[in-house]
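# Summary of structural features
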Amino acid sequence: MFGSAIVDVGIGLIVVFILVSTICTAVREGIESILKTRAAYLEHGIRQLLHDKGGNGLAKELYQHPLVSGIFSGDYKPADGTDKPGLWARGRNLPSYINAKNFSQALMDIAAHGKQAGDINTATAGQPISLEAIRKNVAEIQNPQVQRVLLHAVNSAQGDMNKAQKVIEDWFNSGMDRVSGWYKRSTQMIIFGIAVAVVVSMNINTLRVANYLSVNQSARELVVKEAGTITANGAPVDYKVAESHLQALTLPIGWDGDHPAWINSRGQGGAWNSFWGVVLGWLITAFAATLGAPFWFDILNKIMVVRSTVKPKEKSQDEGSEDRQPAPPRYMQLPQSPLIGQPQPTTADNGSK
């Protein structure tokens, strides 16, 4: 039972981490819907990709192109400054996502027909986009770095427009991978700050929860049941649903009179019941929430498999086999010949000499 109790305590902590992560992510998404920080990171990444740090050249032309301007309302206004956006940057009316196909087609159209969407050259107004048109008019862009990318796409396409477009799309996607890295790191920092606020406000101390589960079998059974529901149906994604599931577990969380910040209300536990012990318990929960619900969901699935193998073994060790028969007396066992497998005579069968 000792081993399974440890597994159940681990399952209980993972369930708590999943629910807290869901709450923190929901708060982060609410903030993102207001600030649109990802749009600010995307705009900064496109300016760097097009070597237009001020946002008044090719980046502006791209955002004003109908293939891009059609996915957001209002006019394009570049953000102030050239530094990377901060944690709480506002994306204003700009789009949070631009399809690689729209980007490549808009850039190729600008190279073939002119910068401004409404100022198409009369010489090329009725001409379809072609590799020769891009090669001929690419100098109008007046951006050496982007010119070289476009010429490389044209030269490596070997006359195939789709191949040229694919080269530009891959170039755009590689730049967006870097933008995604910026945004992911900023999101992790924001979620950690949110997690600290949520953990302290709800008094979710990992050390206290682990101690409570280790001595309370009914609480372990309840969290294991909740774990089975999560693995079968998935973790809740709504803030209020996740909070209600967390409260339904009847764990020692919250700030009411029955749930102080210490590991246990009687003050036992030595250093773990000190102020720094409480802070450590909060920080463990906050760091765990930063990893995200998908991470803990995968871990929970693996732990549940381990638990399903531990339980049958414990049961088989406690119960003896009813079919087990006593070994026959030693004198009734006949030795087998290593050659023909027939019983060999013993000294008792030979008689006395």
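Residues numbered from 1 in each chain as written. Predicted model: local features only at pLDDT ≥ 70, side-chain atom pairs only at ≥ 80, totals over all residues. Heavy atoms only, no water.

### Describing the pattern of salt bridges
What the rule picks out here adds up to four salt bridges. Between Glu 43 and Arg 47 there is a salt bridge, and its shortest N-O distance comes to 3.1 Å. Of the two residues, Glu 43 and Arg 47 are both situated in helix α2 (residues 37-49); the distance of four residues between them amounts to about one turn of the helix. On the basis of relative accessible area, Glu 43 is assigned to the buried category, the value being 2%. The exposure class of Arg 47 is buried, given its relative accessible area of 2%. Taking the shortest distance from any N to any O, the salt bridge between Asp 170 and Lys 166 comes out at 3.0 Å. Of the two residues, Asp 170 and Lys 166 both sit in helix α8 (residues 161-202), four residues apart, roughly one turn of that helix. Given the relative accessible area of 39%, Asp 170 is considered partly exposed. (Salt bridge = Lys/Arg side-chain N within 4 Å of Asp/Glu carboxyl O. Helix = DSSP H or I, 4+ residues; strand = E, 2+ residues; numbered from the N terminus. Buried < 20%, exposed > 50% of the residue type's maximum accessible area, 1.4 Å probe, protein only.)

### A closer look at the packing of helix α9 (residues 206-215) against helix α10 (residues 217-233)
The interhelical angle for the contact between α9 and α10, taken along N-to-C directions, is 110°, at an axis separation of 5 Å. What the angle tells us is that α9 and α10 run roughly perpendicular. Contacts between α9 and α10 involve Tyr 212, Leu 213, Ser 214 and Val 215 from the former and Gln 217, Ala 219, Arg 220 and Val 223 from the latter. When the residues that make up the contact of α9 with α10 are grouped by side-chain class, the tally is five nonpolar, two polar and one charged. (Axes fitted to C-alpha atoms, helices over the stretch in contact; angles between N-to-C directions. Parallel < 35°, antiparallel > 145°, perpendicular 65-115°, else oblique. Contact = heavy atoms within 4.5 Å. Nonpolar A, V, L, I, M, F, W, Y, C, P; charged D, E, K, R; others polar.)

### Topic: the nonpolar core
If you look at the biggest cluster of nonpolar residues, it comprises 42 residues, and the most contacted ones within it are Ile 11, Val 20, Cys 24, Ile 204, Leu 246, Leu 251 and Leu 300. When contributions to this core are tallied by element, the ones reaching two or more residues are α1 (2-35), α8, α9, α10, α11 (239-248), α12 (275-290) and α13 (293-318). Those residues in contact with Ile 11 that sit more than four places away from it in its chain are Val 223, Val 224, Ala 227, Leu 300, Ile 303, Met 304 and Arg 307. Counting residues in hydrophobic clusters, the runner-up holds 41 residues, among them Phe 72, Phe 103, Ala 133 and Val 179. (Core = buried A, V, L, I, M, F, W, Y, C linked by side-chain atoms within 4.5 Å.)

### Section: the side chain of Asn 203
Position of Asn 203 relative to the elements: it lies in the loop between α8 and α9. For Asn 203, a relative accessible area of 1% gives the class buried. One polar contact links the side chain of Asn 203 to the main-chain carbonyl oxygen of Gly 254, over a distance of 2.8 Å. (Polar contact = N/O pair within 3.5 Å; in protein donor to acceptor, adjacent residues only side chain to side chain.)

### Observations concerning unusual backbone geometry
Non-glycine residue His 51 carries a positive phi angle of around 55°. Here His 51 is to be found in the loop between α2 and α3 (58-64). What makes His 51 partly exposed here is its relative accessible area of 47%. Of note in the backbone geometry, Arg 92 takes a positive phi value of approximately 55° without being a glycine. On the basis of relative accessible area, Arg 92 is assigned to the partly exposed category, the value being 37%.

### Points about α10
If you check α10, its first and last C-alpha atoms are 24 Å apart, about what 17 residues at 1.5 Å a residue would give, namely 24 Å. Along α10, the positions that sit buried rather than exposed are Ala 219, Arg 220, Val 223, Val 224, Glu 226, Ala 227 and Ile 230. One side of α10 carries all its buried residues, which in axial view fall inside an arc of 160°. Facing away from the buried surface of α10 by more than 90 degrees, the exposed residues are Ser 218, Lys 225, Ala 232 and Asn 233. At the C-terminal side of α10, Gly 234 shows a positive phi close to 90°. (Expected span 1.5 Å × (residues − 1). Arc of directions from axis to C-beta.)

### Overview of the confidence of the model for the protein chain
Caution applies to low-pLDDT parts of the model: their predicted coordinates are not meant to be read in detail. Per-residue confidence for the protein chain gives a mean pLDDT of 82, with 78% of residues at or over 70. Counted against residues more than four places away or in other chains, residues 315-325, with its pLDDT under 50, gives zero contacts. (pLDDT = per-residue confidence, 0-100.)

### Notes on α8
Taking 1.5 Å of rise per residue, 42 residues should cover 62 Å, and α8 covers 58 Å from first to last C-alpha, within 8% of that figure. Two to three positions downstream of the cap, the backbone nitrogen of Asn 162 sits 2.9 Å from a side-chain oxygen, assigning the N-cap of α8 to Asp 160. Directly after α8, the chain includes Asn 203, whose backbone phi takes a positive value near 55°.

### So, the packing of helix α7 (residues 144-157) against α8
The packing of two helices is summarised by the inter-axis angle and the distance between the axes. Contact geometry of α7 with α8 gives a least axis separation of 7 Å together with a crossing angle of 140°. With respect to their mutual orientation, α7 and α8 come out oblique. The chirality of how α7 crosses α8 is right-handed. Judged by residue contacts, Val 146, Val 149, Leu 150, His 152, Ala 153, Ser 156 and Ala 157 of α7 engage Lys 163, Ala 164, Val 167, Ile 168 and Trp 171 from α8. Along the lines of polarity and charge, the residues of the contact of α7 with α8 split into nine nonpolar, two polar and one charged. (Left-handed = near helix turned anticlockwise from the far one by under 90°.)

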